[in-house]
Structure formats: C-alpha cells, structure tokens
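Structural features, examined
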Amino acid sequence: MIVSLDVADLTEPLVAAVAAAAAGGLPLVGGGDGDALDGAAVAAMRRALASAPVEGRVVVGEGEKDEAPMLSPGERFGRGGVAVDLAVDPVDGTRLAAAGRPGAMAVAAATGRDGFLRIGPAHYLDKLVTWVPGLGAADAPAGELPAVVPALVARAAELRGVPAAEVRIAVQERPRNRAHAEAVRASGAELVAFEHGEVERSLRALHGGARDAAGRGRASHAGSLGDGPLDAVLGIGGAPEGIIVAAAVRALGGSMLARFAPQSRREAERIRSALGADVLDRRRVFSLELLCAGPAEVVVAAVTPCEIGVELPGAEHRADGVRVAWWSAASGRHGRMDLPGG
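This text gives an overview of the structure that appears in the document. If you're wondering where the values come from, they're calculated on a predicted model, not measured in any experiment.

Criteria and thresholds
Residues numbered from 1 in each chain as written. Predicted model: local features only at pLDDT ≥ 70, side-chain atom pairs only at ≥ 80, totals over all residues. Heavy atoms only, no water. Helix = DSSP H or I, 4+ residues; strand = E, 2+ residues; numbered from the N terminus. Rg over C-alpha atoms; globule rule 2.2 N^0.38 Å. Buried < 20%, exposed > 50% of the residue type's maximum accessible area, 1.4 Å probe, protein only. Contact = heavy atoms within 4.5 Å. Polar contact = N/O pair within 3.5 Å; in protein donor to acceptor, adjacent residues only side chain to side chain. Salt bridge = Lys/Arg side-chain N within 4 Å of Asp/Glu carboxyl O. Axes fitted to C-alpha atoms, helices over the stretch in contact; angles between N-to-C directions. Parallel < 35°, antiparallel > 145°, perpendicular 65-115°, else oblique. Left-handed = near helix turned anticlockwise from the far one by under 90°. Pairing = 2+ DSSP bridges. Core = buried A, V, L, I, M, F, W, Y, C linked by side-chain atoms within 4.5 Å. Phe/Tyr/Trp six-rings, centres within 6.5 Å; stacked < 30°, edge-to-face > 60°. Nonpolar A, V, L, I, M, F, W, Y, C, P; charged D, E, K, R; others polar.

Quick look at the overall build of the protein now. When its secondary structure is counted, the protein shows 10 helices and 16 strands. Taking 20 Å as the expected radius of gyration for a compact globule of 342 residues, we find that the protein reaches 19 Å, a close match to that expectation. Projected onto its principal axes, the C-alpha positions of the protein cover 55 × 45 × 40 Å. The 342 residues of the protein split such that 56% are buried. A separation threshold of at least 6 residues defines the contact pool for the protein, and within that pool the share at least 24 residues apart is 70%.

What follows is the structure, encoded as structure tokens:
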C-alpha cells in the first residue's frame, strides 16, 4: 500500500544527501578512478541519509550493474517518520566524472512506500521518456517502443508548432539500440546520439518541449554545456536509471513507457526467478502509473557541470569547504549548498 506523503517534506533531506555525495566525490573528479570516486560518494550519501527525518528504504541502488560501490536495495536509513522508498545513484555518469567531463551528477528519487515498480535484479529496461503527455502502453503495439516514434514525433511537432525535422530524440550509442536509432531516422526527426549520461539526457527531454498539452509555454534550454533541447530519450539503458527517471516524469509531467530488456540469459533467469515470467513478455509495457505510482521528488546535485533543462555548475572547492549546485524536480527550485571541509 502506497503511503500518502507531502513530497515537499523530502526536498531538504534529499538535497543534503546528494550534495554530500557530490562533495564527497569531488576530490577524485578527473583522477581516472571511477570506483574510488563512487565509493567516496556512496559513503558521504549514506552518512547524510542516516539523519533524514523519514523511515527510509533503498529499493534501487545503481552500483550492482557495474559492480561498483552502492547503497544496497533493502538498506534502511533515517531517524523515523513517513515511510519512503528511495532510488539512488550517488554518481550518475561515473566515467564522465572520473575523466573530468561534464554531465556527472548525484541523484536521488523518493516516493511513498511501495510506490516504485519492483525491478529486482534487472539491469536493463527499454525506455521511452518524453515531455509529450498522454502516451500509454496501448501506443506500443506488441511492446515495440520504436513503433511509438512516428506518433511521438507528430505529436511533439504539433505541440511545438515546428516541422518533424526539428523534433530531437536522443538514443544512447550501443549496438542494442540500432532499431531505436533507425526508427528516429525513419520518422524524419533529428537523432541525437550520446555515449553516457542517460539521466541527464532524460531530464533535459522532460524540459525540452516548447509547449505542453495545454498550450502553455515551456522553457527550452540550449545551454552551452550540451547540444540543445531534447524532445525524448529512447532505447535500452539502465533499469535503475529508469526508476529514477520515472520519478522525475511523475514530478515534472510528460510520458514514460518501459519494458524489461535483459541483455543476457543469466539476467533473464534472475528476473524470472525474482519477479515471475510474465514481466519478460515482450508485449508487456509498463506505463508511468506502474513505474512510479504516486507523488515523487527527485533531487540532483552536479558533480561536474550539468545541463538538465537548467544549467548546474560543477561542485567546486572553496576556501572554507565545497559549494554544490542542486535542483529539485518537485518544486522546480535550484540553488547552491555550502558544505564544510573538502
């Protein structure tokens, strides 16, 4: 049963947690050691979460897929209060941070108890994320998400008042996403390929439309750190990232579709054992209502400079400590937090 909660009460403790993670990893940014950077961020986030005024439970931790340090699913935190579930990545874009490149962030998403789809041991989901409202599982015939692209492009172009060629869809450059990239090209939209930073691109896509379904103006941010606004992100990527992004869609509006997409027989067998065979049916598509069933908060802190619809400068050393830029999905606010030490 999902516990009702006021997501505004989650913002402050989540800001403290992601800011601590960003500051904790900062000394190792650009040093080339992603595991050490992850480890420092995980330890700092765990310490910050210990004092959160909630009865917290980690349900998604990002490290298992990459065999990296992580907050483990099932881990409890907080000093008591409303029951919340947490999906977390202390450093999303670890390779980017280790190389000193833009696009790395600490991110945490929270909702009421049992509000997130159980992904169990899944490492990969096939996902479509967009600011365009109203897309559901029925729009993906036979579970094929690339088949949604023509309708998505037509709808985005109509809402923005632009030709299809100005609709921009990001697809991660991986062999597993060839069909997704082909679908974008065939639709006449612009294909935006990227290597790392799936959460960053998804947040940008949720900000990316010029207008929403009601015709109200939406900000299009073409920041100097990125390649301009996006309308959607499509393709097979991380399952943990998918749950974090689902919480952001819940907070910001838009649409999201996903299905389980194991990339090995071993992963498929583990999912089948933990969650049942039905979730692996290729026709089984999960819409937002199942991915994140209730109100949610997502907070980001920039480890290195990020463009997520607003520009966040990277964490920086100062004479008296570390300054970290953060952003809240539920409130739309962003700011900077100064932490001692560093």
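This next bit is on the environment of Arg 282. Summarising the element assignment, Arg 282 is placed in the loop between α9 (265–275) and β10 (286–287). Separated by 88 residues in sequence, Arg 282 and Phe 194 place their C-alpha atoms 26 Å apart. Not counting residues up to four positions away in its chain, the partners in contact with Arg 282 are Ala 142, Gly 143, Glu 144 and Arg 259. At 2.9 Å, the side chain of Arg 282 and the side chain of Glu 144 are in polar contact.

What follows covers unusual backbone geometry. With glycine set apart, most residues show a phi of negative sign, and most peptide bonds adopt trans. The phi torsion at Asp 114 lies on the positive side, around 70°, for a residue other than glycine. Checked against the element boundaries, Asp 114 lands in the loop between β4 (105–112) and β5 (124–130). Taking the relative accessible area as the measure of exposure, Asp 114 reaches 42% and is therefore partly exposed. You will see that Ala 142, though not glycine, has its phi angle at about 60°, which is positive. Summarising the element assignment, Ala 142 is placed in the loop between β5 and α5 (149–160).

Enumeration over the complete set of coordinates arrives at 17 salt bridges. Note that Arg 259 and Asp 126 form a salt bridge whose closest N and O atoms lie 3.5 Å from each other. Here Arg 259, found in strand β9 (residues 255–260), pairs with Asp 126, found in strand β5; they are 133 residues apart in sequence, far enough to count as distant. Neither residue differs from the other here; Arg 259 and Asp 126 are each classed as buried.

Attention now moves to the packing of helix α1 (residues 8–25) against helix α2 (residues 34–50). Where α1 contacts α2, the two axes come as close as 7 Å, and the packing angle between them is 150°. As summarised for this structure, α1 and α2 are arranged roughly antiparallel, according to the angle between their axes. Handedness of the α1/α2 crossing: right-handed. On α2, the residues that touch Ala 16, Ala 17, Val 18, Ala 20, Ala 21, Gly 24 and Gly 25 of α1 are Leu 37, Ala 40, Ala 41, Ala 44, Met 45, Ala 48 and Leu 49.

The next point concerns the environment of Ala 17. As for its placement among the helices and strands, Ala 17 is situated in helix α1. Residues Ala 17 and Glu 307 lie 290 residues apart in sequence; the distance between their C-alpha atoms is 20 Å. The contact partners of Ala 17, leaving out residues within four places of it in the chain, are Met 45, Ala 48 and Leu 49.

Extensive coverage of β9 is indicated by the burial of 6 of its 6 residues. Where burial is concerned, the two faces of β9 agree: the one with Ser 255, Leu 257 and Arg 259 and the one with Met 256, Ala 258 and Phe 260 are both buried. Taken together, the 6 bridges between β5 and β9 define a ladder with antiparallel strand orientation. The residue of β9 that forms the bridge with Leu 128 is Leu 257. Across 2 bridges, the pairing between β9 and β10 is antiparallel. Pairing of Ala 258 across the sheet is with Phe 286, part of β10.

All right, on to the nonpolar core then. A general tendency of soluble globular proteins is for nonpolar side chains to be buried together. By size, the foremost hydrophobic cluster in this structure holds 45 residues, and its most contacted members are Ile 119, Leu 203, Phe 260, Val 300, Ile 308, Leu 312 and Trp 327. Sort the elements by how many residues they give to this core and helix α8 (residues 239–252) lands first, with 8 residues. Counting 39 residues, the second largest nonpolar core, distinct from the first, contains Ala 19, Val 54, Val 91 and Ala 97.

With that settled, the discussion passes to the packing of aromatic side chains. Overall, the coordinates contain 1 aromatic pair when judged by the stated rule. Summarising the aromatic geometry, the rings of Phe 260 and Phe 286 are spaced 5.7 Å apart at their centres and angled 80° between planes, so their arrangement reads as edge-to-face. With a gap of 26 residues between them, Phe 260 in strand β9 and Phe 286 in strand β10 connect regions that are remote in the sequence. With respect to burial, Phe 260 and Phe 286 carry one shared label: buried.

Right, let's talk about the packing of helix α7 (residues 198–207) against α8 for a bit. Contact geometry for α7 and α8: axes closest at 10 Å, N-to-C directions at 20°. By the angle between their axes, α7 is roughly parallel relative to α8. Here the hand of the crossing between α7 and α8 comes out right-handed. Residues Glu 198, Val 199, Ser 202, Leu 203, Leu 206 and His 207 of α7 form the contact with α8, whose participating residues are Glu 241, Ile 244, Val 245, Ala 248, Val 249 and Leu 252. Taken together, the residues of the contact of α7 with α8 sort by class into 8 nonpolar, 2 polar and 2 charged.

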